[in-house]
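# Residue-level structure breakdown
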Amino acid sequence: MKLSCNISVKHLTRVEGHGNINIRIKDGKLEEASWEVVETPRFFEAMLVGKKWDNAPYISGRICGICSIGHTLASIRAVENVFGMVPTRQTNTLRLLLKHMETLQSHVLHLYFLAAPDFVSLGSVLPLITSHPEVVQRAVRLKLLANDACDIIGGRRLHPTRTVVGGFTMLPEKEQLEKLKQRLLASVEDLKQTAALFTTFAIPDFVRETEFVSLKGTDSYPFIGGNLLSTDGLDLPEHEYKKMTNEYCVEISTSKWCRVSRQSMAVGALARINNNHHLLAPLARQVADQFGLKPVCHNPYMNNIAQLVECVQVVEDSLALIDELLGAAMLEPRQPVAVKAGIGVAAVEVPRGILYHCYDFDEEGRIRKADCVIPTTQNNANIHYDLNALARQCAGEGKTDREIELLASMLVRAYDPCISCSVH
Amino acid sequence: MPANLTYLGVELARPRVAFFELSSCEGCQLQLLNNEATLLDFLSLVEVVRFREGMTEAGDDYAVAFVEGSVTRADQELQLAEIRKKAKVMVAFGSCACFGGVNQLKNRFSDQEWVKREVYGDFHVDTQLARPISDVVKVDLMIYGCPVKKEEVERIVTDLLLGKAINHPKYPVCMECKANENICLFDLGEPCLGPVTRAGCDAWCPSNRMGCWGCRGPADAANIPQMARIMAEHGFSTETLLDRLECFGGFAAHVEEIRKKG
Ligand code: SF4
Ligand code: SF4
Ligand code: SF4
């Protein structure tokens, strides 16, 4: 039993954006445990109002520096849904491949650079450059592969230049895809080594029952569009996303909070696997088994492992997508656009969870209203309540301040929060 | 850490650099991590004492401060003043810091209370107009771009280290675009701000068949009336021209002028 503790982490490091952790225990009682988001809002939903449809993906992609491709694709899908456009199979395949590569680069960044240092008692990955060069080189190799792939498909790894409403401005050369395939084949070994590395890490033992929300896969592991599914039993069409988010404001956070059936909810890799484990590709399933990751897993620290499993998943699926592209003649990259008035919603699984963009257009294709619901926005309340439960458990176990601070920081990092994105 | 760098046989001091972010997408900082091929070499050039997104250790002793993002809240003004006191060289890192970036798009609404209500309803949030950091402190060096181009960042940092003068290209993106032998987008029916935007990105967007939106701000002697004529001749509306000119804040003065003329 621990009688007192006072922890205040201002601007938690190794996460995107600005958030604080506060934990106060007095006379053995938990007085406060909170996740405070202090990021400055940028007001994207207001700045889009009055802008023409072609501005939407271009501007809203700038919500996030890590998953700009996901935002751009969600925005494009929302616009295309308003205009009643159905992308060609080739466009869908290329978009999914592009998204997979962003997922891979984002997960690798998180696993190696943001999360791993905690498990080896370091403040950053920098000391490993000299002590374990092969580990850093492996991380760099995987990230480089994924980013190079984003360049050849999306034109640019950050704030893509080829992705537009209707398809792509230009296509990758087949030769580039062939080379990418060879590099992806070679990366499987690196991913196996990554899994081996993570088996040496002690994942903290903490469980809090949670409602997990993600896209619902039908015949494949889902990433772009489809129904919305919660582990508490809700199954809704894409356009009813508001019922799956219910955003509201709270004093301690410039990011809104969300809830569905309970006090809070969670999205992300763990949510996706909890809802779609049966759709994992063979090798990804093996890695999940290796770590005993089975649905429904309620340990938030296991989101790290879920991301690792997804790295394998997206590589396996990308190989199939590339084979499909290589097996057919390349068609026109881009469809013409016919503007229509109306409301369109897109749900896309980005690295940190399900992302929604919704626009209301007038007859000339000018935005009357814009709404973006960010994965971390959906996770922030859950992080807060997890911290409460964790602080209670730690107090009961008599952990030291330092141990509690580390576990709390690792908990937040496990969600891989994208805080400036959640405030946008 | 890797050994120190030498230049002409002389060992160079690795400058202590720190990274800070105000209101931004943090993409410009990530561009550095995204440059895997030369990341490790780059890290041997400088000593990073603060990079919140990548490391827990946070040093307060630095010579070069890279500041990303624009100013949108009072506490950021204080933070900037503190950084300015410590840094010998203050770098505005990316278009948010240089011009206000996409963030300044909210400034175009005359009713800023509406802007707040549109996003937060009646809930109170602290915010101001989005401003470039040079509105608050003296800036020694601008690195343009949304996002910054990593090759350019590395070149600038190396020049800084060697004490070389840092010169941005004075000419527009069109020059780089022509050097890349691209088909001009106007001939493909697409608008482009290449004729007036400062080069240095190697015509990043036109080379991918997307028109330039002017993220690096105006080139020296940018001829905006001529740009307007080119757009009109190709059938693009003033709205299309303004959408692009006003996107990142670099052309704010020109936009105001066009709006005034109506
Ligand atoms: S300039 Fe662009 S890429 Fe850089 S921080 Fe601002 S929005 Fe992000
Ligand atoms: S595409 Fe743009 S940058 Fe290239 S030549 Fe034409 S106007 Fe200039
Ligand atoms: S082409 Fe224009 S918009 Fe694109 S990076 Fe260069 S300056 Fe920025």
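## Side note on the interface of chain A and chain B
- Listed per partner, the contact involves 68 residues of chain A and 59 residues of chain B.
- Ranking the residues of chain A by area buried against chain B places A:Thr40, A:Phe43 and A:Tyr58 at the top, with a combined share of 12%.
- Where chain A meets chain B, there are seven salt bridges.
- Among the salt bridges present, the one from B:Glu239 reaches A:Lys52, with a minimum N-O distance of 3.6 Å.
- The interface formed by chain A and chain B holds 30 residue pairs in polar contact (both at pLDDT 80 or more) in total.
- Among the elements that make up the side of chain A that touches chain B, the one with the highest residue count is helix H6 (residues 133–154) of chain A (five residues).

## Details of empty space enclosed by the protein
- In the structure shown here, the tally under the stated rule is eight cavities of 30 Å³ or more.
- Volume-wise, the largest cavity comes out at about 220 Å³.
- If you trace the largest cavity, you find 16 residues lining it, with A:Leu126, B:Leu33, B:Leu39, B:Leu43 and B:Phe51 closest to the centre.
- Of all the elements in the fold, those that place two or more residues in the lining of the largest cavity are helix H1 (27–33), helix H2 (36–45) and strand S4 (47–51) of chain B.
- For the lining of the largest cavity, the element with the highest residue contribution is H2(B), accounting for three residues.
- Taken together, the residues of the lining of the largest cavity sort by class into 14 nonpolar, two polar and no charged.
- Volume-wise, the second largest cavity comes out at about 130 Å³.
- Along the wall of the second largest cavity there are 19 residues; nearest its centre are A:His159, B:Cys25, B:Cys28, B:Cys96 and B:Cys146.
- In terms of residue class, the lining of the second largest cavity is built from seven nonpolar, eight polar and four charged.

## Side note on the site of ligand 1
- All residues adjacent to ligand 1 are A:Arg62, A:His159, B:Ser24, B:Cys25, B:Gly27, B:Cys28, B:Glu68, B:Ser95, B:Cys96, B:Gly145, B:Cys146 and B:Pro147.
- When atoms are counted within 2 Å of each cavity's grid points, the one that captures over half of ligand 1 is the second largest cavity.
- Mapped by element, the contributors of at least two residues to the shell around ligand 1 are H1 and helix H4 (95–99) of chain B.
- Considered class by class, the residues forming the shell around ligand 1 number five nonpolar, five polar and two charged.

## Considering the sheet that holds strand S3 (residues 16–21) of chain B
Residues and elements named next belong to chain B.
- With parallel pairing, the five strands of this open sheet are ordered in space as S4-S3-S5-S6-S7. Every interior strand has two partners, whereas the edge strands, S4 and strand S7 (141–143), have only one. Each strand of the sheet is rotated relative to its neighbour by a mean of 20 degrees, with strand direction disregarded.
- As defined by bridge partners, S3 adjoins strand S5 (residues 64–68) across five bridges and the pair is classed as parallel. Looking at S5, one finds that Phe 20 is bridged to Val 67.
- Running over the sheet, helix H3 (residues 74–86) touches S3, S5 and strand S6 (89–93) and is turned about 135 degrees from S6.
- Most of the contacts of helix H6 (residues 150–161) go to S7, to which it runs at about 160 degrees, and overall it touches S5, S6 and S7.

## What to know about the sheet that holds strand S6 (residues 211–215) of chain A
Residues and elements named next belong to chain A.
- Reading across the sheet, the four strands line up as S8-S7-S6-S11 and stay open at both edges, with mixed pairing between neighbours. Of all strands in the sheet, those with a lone pairing partner are strand S8 (235–236) and strand S11 (265–266), marking the two edges.
- One ladder, built from two bridges, connects S6 with S11; its direction is parallel. Looking at S11, one finds that Glu 211 is bridged to Met 265.

## Digging into the site of ligand 2
- Taken together, B:Cys174, B:Cys177, B:Cys184, B:Leu185, B:Phe186, B:Cys192, B:Gly194, B:Pro195 and B:Pro206 are the residues near ligand 2.
- A breakdown of the residues in the shell around ligand 2 according to their chemical character gives eight nonpolar, one polar and no charged.

## Considerations on the domain arrangement of chain B
Residues and elements named next belong to chain B.
- Entries for chain B in the domain assignment read domain 1 (5–162) and domain 2 (173–261).
- Computed from C-alpha coordinates alone, the two centres of domain 1 and domain 2 are separated by 25 Å.
- Every contact between the two is made by 16 residues of domain 1 and, on the other side, 13 residues of domain 2.
- Interface area for domain 1 against domain 2, summed over the two sides, is near 1200 Å², with a carbon-plus-sulfur share of 59%.
- Area buried by domain 1 at its contact with domain 2 is led by Phe 99, Tyr 144 and Lys 149, which between them contribute 43% of it.
- Along the contact surface separating domain 1 from domain 2 lie two salt bridges.
- The salt bridge involving Glu 246 is made with Arg 108; its shortest N-O contact spans 3.9 Å.
- Linking domain 1 to domain 2 there are six residue pairs in polar contact (both at pLDDT 80 or more).
- Looking at the side of domain 1 that touches domain 2, its residues break down into seven nonpolar, six polar and three charged.

Reading guide: rules and limits
- Residues numbered from 1 in each chain as written.
- Chains lettered and ligands numbered in written order.
- Predicted model: local features only at pLDDT ≥ 70, side-chain atom pairs only at ≥ 80, totals over all residues.
- Heavy atoms only, no water.
- Contact = heavy atoms within 4.5 Å.
- Buried area = accessible area lost by both parts, 1.4 Å probe.
- Salt bridge = Lys/Arg side-chain N within 4 Å of Asp/Glu carboxyl O.
- Polar contact = N/O pair within 3.5 Å; in protein donor to acceptor, adjacent residues only side chain to side chain.
- Helix = DSSP H or I, 4+ residues; strand = E, 2+ residues; numbered from the N terminus.
- 1 Å grid on protein atoms, 1.4 Å probe; cavity = no way out; pocket = protein on both sides within 12 Å on 5 of 7 lines; lining within 4 Å.
- Points joined across faces, edges and corners; volume = space filled by probe spheres on them.
- Nonpolar A, V, L, I, M, F, W, Y, C, P; charged D, E, K, R; others polar.
- Near = heavy atom within 4 Å.
- Sits in = over half its atoms within 2 Å of the grid points.
- Pairing = 2+ DSSP bridges.
- Axes fitted to C-alpha atoms, helices over the stretch in contact; angles between N-to-C directions.
- Domains from an automatic or database assignment.

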